[in-house]
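Each chain, letter by letter, is given below.
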Amino acid sequence: MNKWLVGLLLAAVVLPLLVFVGNLKVEVPQGGTNSVAEASPSAAAAEKSAATAGIFAPELQGIAAWINSDPLTIAELKGKVVLVDFWTYTCINCIRTLPYLSMWNDKYSDKGLVIIGVHSPEFDFEKDLDNVKKAVEKYGIKYAVALDNEHETWSAFKNNYWPHKYLIDANGKIRYDHIGEGGYGETEKVIQALLEERAVAMNEKIE
């Protein structure tokens, strides 16, 4: 076989492969996946995330059940600093963030912070209340957990990721959000700043 024919055959095989690879992109699908990809949003997602700052938080919608709390609403929580955390109990990235959420609940709940874990399932078995209760007990979650089984609150927040944390100030505006793991120090500083703002507005002293 001559060199010209070998080169032609190689071009026929390699060029389509290069085009295919060049068109590939990595993104988290709608609803996310229970993988490390959840913690690595695209640049477009980061821009979308930043665009949420300063808008009023949507109301919690379509909640099937509550754990650790009576039903809550964003409207009723005005005057508090609210952290809304979208999670699901089979998501390893979510599980790794839970100790930090519990720590913040312990440190700041008596200073005006309310944490709501919005459990938005990926799989049907995650919609079962008893399964979620077992997970809440397993991970020592003491803050409110809302079962968003039909992703109505997820959709209201225009969310696409697990885990995804939104911080809402005492006036009901989203001031900060973080997608995926990490950023714990930064998130806690925002919590502290929003609590200080609240204390000043309410003429309270925060220790």
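Report follows, based on the coordinates. Note that this is a predicted model, so its numbers are computed, not measured. (Residues numbered from 1 in each chain as written. Predicted model: local features only at pLDDT ≥ 70, side-chain atom pairs only at ≥ 80, totals over all residues. Heavy atoms only, no water.)

### Some remarks on the overall build of the protein
So, step 1. The secondary structure content of the protein amounts to 6 helices and 6 strands.
So, step 2. Here the protein, with 207 residues, has 43% of them falling under the buried criterion.
So, step 3. A fraction of 77% describes how many contacts in the protein between residues 6 or more apart in sequence connect residues 24 or more apart.
So, step 4. Counting every atom, the protein has about 11,200 Å² of accessible surface; 58% of that belongs to carbon and sulfur. (Helix = DSSP H or I, 4+ residues; strand = E, 2+ residues; numbered from the N terminus. Buried < 20%, exposed > 50% of the residue type's maximum accessible area, 1.4 Å probe, protein only. Contact = heavy atoms within 4.5 Å. Areas by Shrake-Rupley, 256 points an atom, 1.4 Å probe, with all protein chains shown as cover.)

### Details of the packing of aromatic side chains
So, step 1. Here the structure, examined in full by the defined rule, presents 8 aromatic pairs.
So, step 2. Relative to phenylalanine 125, the ring of tyrosine 89 has its centre 6.5 Å away and its plane inclined at 65 degrees; by these criteria the two rings are edge-to-face. Of this pair, tyrosine 89 sits in the loop between β2 (81-87) and α3 (92-108) while phenylalanine 125 sits in the loop between β3 (113-119) and α4 (129-138); the two residues are 36 residues apart in sequence, bridging distant segments of the chain.
So, step 3. A relative accessible area of 14% means that tyrosine 89 is categorised as buried.
So, step 4. Among the aromatic side chains, those forming a connected cluster through ring pairs are Phe86, Trp154, Phe157, Trp162 and Tyr166. (Phe/Tyr/Trp six-rings, centres within 6.5 Å; stacked < 30°, edge-to-face > 60°.)

### What to know about the packing of α3 against helix α6 (residues 184-201)
So, step 1. Look at α3 against α6: their axes get within 12 Å of each other, and the N-to-C directions meet at 25 degrees. Regarding the angle of α3 to α6, the classification is roughly parallel. Crossing angle aside, the handedness with which α3 passes α6 is right-handed. On α6, the residues touching Arg96, Thr97, Tyr100, Met103, Trp104, Lys107 and Tyr108 of α3 are Tyr184, Thr187, Glu188, Ile191, Gln192 and Leu195.
So, step 2. Counted by class, the contact of α3 with α6 contains 7 nonpolar, 3 polar and 3 charged residues. (Axes fitted to C-alpha atoms, helices over the stretch in contact; angles between N-to-C directions. Parallel < 35°, antiparallel > 145°, perpendicular 65-115°, else oblique. Left-handed = near helix turned anticlockwise from the far one by under 90°. Nonpolar A, V, L, I, M, F, W, Y, C, P; charged D, E, K, R; others polar.)

### With respect to the pairing of β2
So, step 1. Counting buried positions along β2 gives 7 out of 7 residues, so the element sits mostly inside the fold.
So, step 2. Neither face of β2 is open: one carries Val81, Leu83, Asp85 and Trp87, the other Val82, Val84 and Phe86, and all of them are buried.
So, step 3. Once the chain exits β2 it traverses α3 before rejoining the sheet at β3, and the crossover so formed is right-handed.
So, step 4. Where β2 meets strand β5 (residues 164-168), 5 bridges bridge the pair, whose relative direction is antiparallel. In the strand pairing of β5, valine 82 is matched with isoleucine 168. (Right-handed = clockwise from strand over helix to strand, strands pointing away. Pairing = 2+ DSSP bridges.)

### Here's the deal with the pattern of salt bridges
So, step 1. Taken as a whole, this structure holds 8 salt bridges when the rule is applied.
So, step 2. With its nearest N and O atoms 3.5 Å apart, the salt bridge here joins aspartate 85 to lysine 165. One end of the pair, aspartate 85, is in strand β2; the other, lysine 165, is in strand β5, and 80 residues separate them in sequence. Lysine 165 matches aspartate 85 in its accessibility class, with the two residues each being buried.
So, step 3. Residues aspartate 169 and arginine 175 are paired through a salt bridge, measuring 3.0 Å at the closest nitrogen-oxygen approach.
So, step 4. On the basis of relative accessible area, arginine 175 is assigned to the partly exposed category, the value being 35%.
So, step 5. The network of salt bridges with common partners includes Asp124, Lys127 and Glu150. (Salt bridge = Lys/Arg side-chain N within 4 Å of Asp/Glu carboxyl O.)

Treat this as a map of the structure, not an account of what it does.
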